Amino acid sequence: MKRWLSRAEESLGNHSDRLDAINIFPVADGDTGTNLYQTVRSAAHAAHTSEATDLGELLTVAGRGAMEDARGNSGTLLAVFLSAFAEPLHGSTRLTCALLAQSMHRAQIRSWSALSDPVPGTMLSVLEAAARGAASTVSAHPGDDSNHALALTLHACVQHALEAVVHTESQLGPLTAAEVVDAGGVGFLLVLDALRAAALGEELQDELLDGLHGYDIQAPHIHHGSDAEGVEVMCTINLSPLDAATLRLHLDELGDSVIMSAVTEVEEGYRWRVHVHVPDAEPALALIHRAGDPVSITVTQLAAPPAGVEAREP
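Residues numbered from 1 in each chain as written. Predicted model: local features only at pLDDT ≥ 70, side-chain atom pairs only at ≥ 80, totals over all residues. Heavy atoms only, no water.

Trainee: Can you lay out the overall build of the protein chain for me, pointing to particular residues and giving the numbers?
Mentor: Helix and strand content of the protein chain: eleven helices and four strands. For the protein chain, the C-alpha radius of gyration of 19 Å lies close to 20 Å, the compact-globule estimate for 314 residues. In terms of overall dimensions, the protein chain has C-alpha extents of about 55 × 50 × 30 Å along its principal axes. About 13,400 Å² of surface is accessible on the protein chain, with carbon and sulfur atoms providing 51% of the total. (Helix = DSSP H or I, 4+ residues; strand = E, 2+ residues; numbered from the N terminus. Rg over C-alpha atoms; globule rule 2.2 N^0.38 Å. Areas by Shrake-Rupley, 256 points an atom, 1.4 Å probe, with all protein chains shown as cover.)

In structure tokens, the structure reads:
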């Protein structure tokens, strides 16, 4: 698992520029690759500082590290994926095809439910397809805990994910018009291929992305000239489930791309990671402060900022 996250960090780092270049949904802010890379880097660092030998415990640490430092919509969803993927693995020290399928299914449910308005044709669809590939392989090999069955399941996850990535172009109007696939979906495909490579002791598949629309090295940086408006607000806050649901409802009324996911259980209820796109930060921040005492607040312009401009922390 530590090797997986390191390989994912390596792969996303190598591909971040091209992922940024084709990032036009939900807003063309050109940062999906960077956000995924920085988020998985936090997960990898957290995992490598842990001495856990239990798979679930280790990936819970990694998911928590990713969630606390998640960047953007895609990074937040990746952190949700890692945290949910860990849940069926508690008490296990070896990954099997059945456990992999359970983890993928759990991650699919948690990721779709974390979003107020989940949209097909994104990373969510790629995750759903990969989970479906894992489940179908396990069904064909019931009770088989061999490494061979695990290999078949991992390959099925990657293949189904790849097919789903290709399909994203026809699922979302902005992608169809731009003739590109979804950047977050491609990034998640790279994460799955890193899992396959790490678990099986194989190399990353350099040819995996060959032929994906918008992914040729000579393809343009299509998000340039974006007229994206508004800001992305993110924070961490301790709330009861009821208060979290109320905050989500109010944020839905203000903006979109609302993601709320529980990081860990605390005395007040849960520690939540909050993400929303809004026209103006102040009303959203006022709602958040009325709900509780947020920390790690960031406000980032959705339009691509000039070089050297960082997100601000109010």
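Trainee: Can you tell me about the pattern of salt bridges, naming the residues and giving the values?
Mentor: Scanning all chains against the criterion turns up eight salt bridges. Each of Arg-7, Glu-10 and Glu-203 takes part in salt bridges that share partners, so that together they form one network. (Salt bridge = Lys/Arg side-chain N within 4 Å of Asp/Glu carboxyl O.)

Trainee: Can you break down the packing of aromatic side chains residue by residue, with the values?
Mentor: Here the structure, examined in full by the defined rule, presents five aromatic pairs. Pairing Trp-4 with Phe-81 gives two aromatic rings, centres 6.4 Å apart and planes at 85°, and the pair type is edge-to-face. Of this pair, Trp-4 sits in helix 1 (residues 2–21) while Phe-81 is found in helix 4 (residues 72–86), placing the two residues 77 residues apart along the sequence. Residue class for Phe-81 comes out buried when judged on its relative accessible area of 1%. (Phe/Tyr/Trp six-rings, centres within 6.5 Å; stacked < 30°, edge-to-face > 60°. Buried < 20%, exposed > 50% of the residue type's maximum accessible area, 1.4 Å probe, protein only.)

Trainee: Go over the sheet that holds strand 3 (residues 269–278), please, and point to the residues and values.
Mentor: Spatial strand order, 2-3-1-4: four strands in an open sheet with antiparallel pairing. At either margin of the open sheet sits one strand with a lone partner, and together these are strand 2 (256–266) and strand 4 (295–301). The mean inter-strand angle of the sheet, taken between neighbouring strand axes irrespective of direction, is 15°. In the sheet, strand 1 (residues 231–239) pairs with strand 4 via five bridges, with the strands oriented antiparallel. Paired with Val-233 across the bridge in strand 4 is Val-299. Helix 3 (residues 55–68) rests against strand 1, strand 2 and strand 3 of the sheet, and its axis sits at about 135° to strand 2. (Pairing = 2+ DSSP bridges. Axes fitted to C-alpha atoms, helices over the stretch in contact; angles between N-to-C directions. Contact = heavy atoms within 4.5 Å.)

Trainee: Please set out the pairing of strand 1 residue by residue, giving values where relevant.
Mentor: Most of strand 1 sits inside the fold, with eight of its nine residues counted as buried. Direction of pairing for strand 1 relative to strand 3: antiparallel, over a ladder of nine bridges. By the bridge assignment for strand 3, Leu-239 is matched with Tyr-270.

Trainee: Please set out the environment of Val-299 residue by residue, giving values where relevant.
Mentor: Within the fold, Val-299 resides in strand 4. Along the primary structure Val-299 and His-277 are separated by 22 residues, whereas in three dimensions their C-alpha atoms are 9.6 Å apart.

Trainee: Just give me the short version of the packing of helix 7 (residues 147–171) against helix 9 (residues 183–200), but keep the residues and values in it.
Mentor: Running from amino to carboxyl end, helix 7 crosses helix 9 at an angle of 165°, the nearest separation of the two axes being 9 Å. Looking at the two axes, helix 7 sits roughly antiparallel to helix 9. The crossing of helix 7 and helix 9 is left-handed. Counting all contacts with helix 7, which are made through Ala-151, Leu-154, His-155, Cys-157, Val-158, Ala-161, Leu-162 and Val-165, the residues of helix 9 involved are Gly-185, Val-186, Leu-189, Leu-192, Asp-193, Leu-195, Arg-196, Ala-199 and Leu-200. Of the residues assigned to the contact of helix 7 with helix 9, the class counts are 13 nonpolar, two polar and two charged. (Parallel < 35°, antiparallel > 145°, perpendicular 65-115°, else oblique. Left-handed = near helix turned anticlockwise from the far one by under 90°. Nonpolar A, V, L, I, M, F, W, Y, C, P; charged D, E, K, R; others polar.)

Trainee: If you had to explain the nonpolar core to someone new, which residues and values would you point to?
Mentor: Core analysis: the largest hydrophobic core is formed by 80 residues, its most contacted members being Trp-4, Leu-5, Phe-81, Phe-85, Leu-100 and Met-104. When residues in this core are grouped by element, the largest group, eleven residues, is from helix 9. Those residues in contact with Phe-85, other than ones at most four positions away along the chain, are Trp-4, Leu-59, Leu-100, Ser-103, Met-104, Ala-107 and Leu-195. In terms of nonpolar packing, the next biggest core, distinct from the first, is built from 21 residues, Val-233, Trp-272, Val-278 and Leu-287 among them. (Core = buried A, V, L, I, M, F, W, Y, C linked by side-chain atoms within 4.5 Å.)

Trainee: Explain the environment of Leu-172 to me, and be specific about the residues and the numbers.
Mentor: Structurally, Leu-172 can be placed in the loop between helix 7 and helix 8 (173–178). Considered as a pair, Leu-172 and Arg-271 are 99 residues apart in the sequence and their alpha carbons are 33 Å apart. Contacts of Leu-172, omitting those with residues within four sequence positions, involve Phe-25, Val-119, Pro-120, Gly-121 and Thr-122.

Trainee: Explain the packing of helix 2 (residues 32–48) against helix 4 to me, and be specific about the residues and the numbers.
Mentor: Direction vectors running N to C along helix 2 and helix 4 enclose 35°, while the axes themselves pass 7 Å from each other. For the pair helix 2 and helix 4, the sense of crossing is right-handed. Where helix 2 approaches helix 4, its residues Thr-32, Asn-35, Leu-36, Thr-39, Val-40 and Ala-43 are matched on the opposing element by Gly-72, Ser-74, Gly-75, Leu-78, Ala-79 and Leu-82. Tallied by class, the residues present in the contact of helix 2 with helix 4 amount to six nonpolar, six polar and no charged.

Everything listed here is a matter of coordinates, which is why it stays silent on function.
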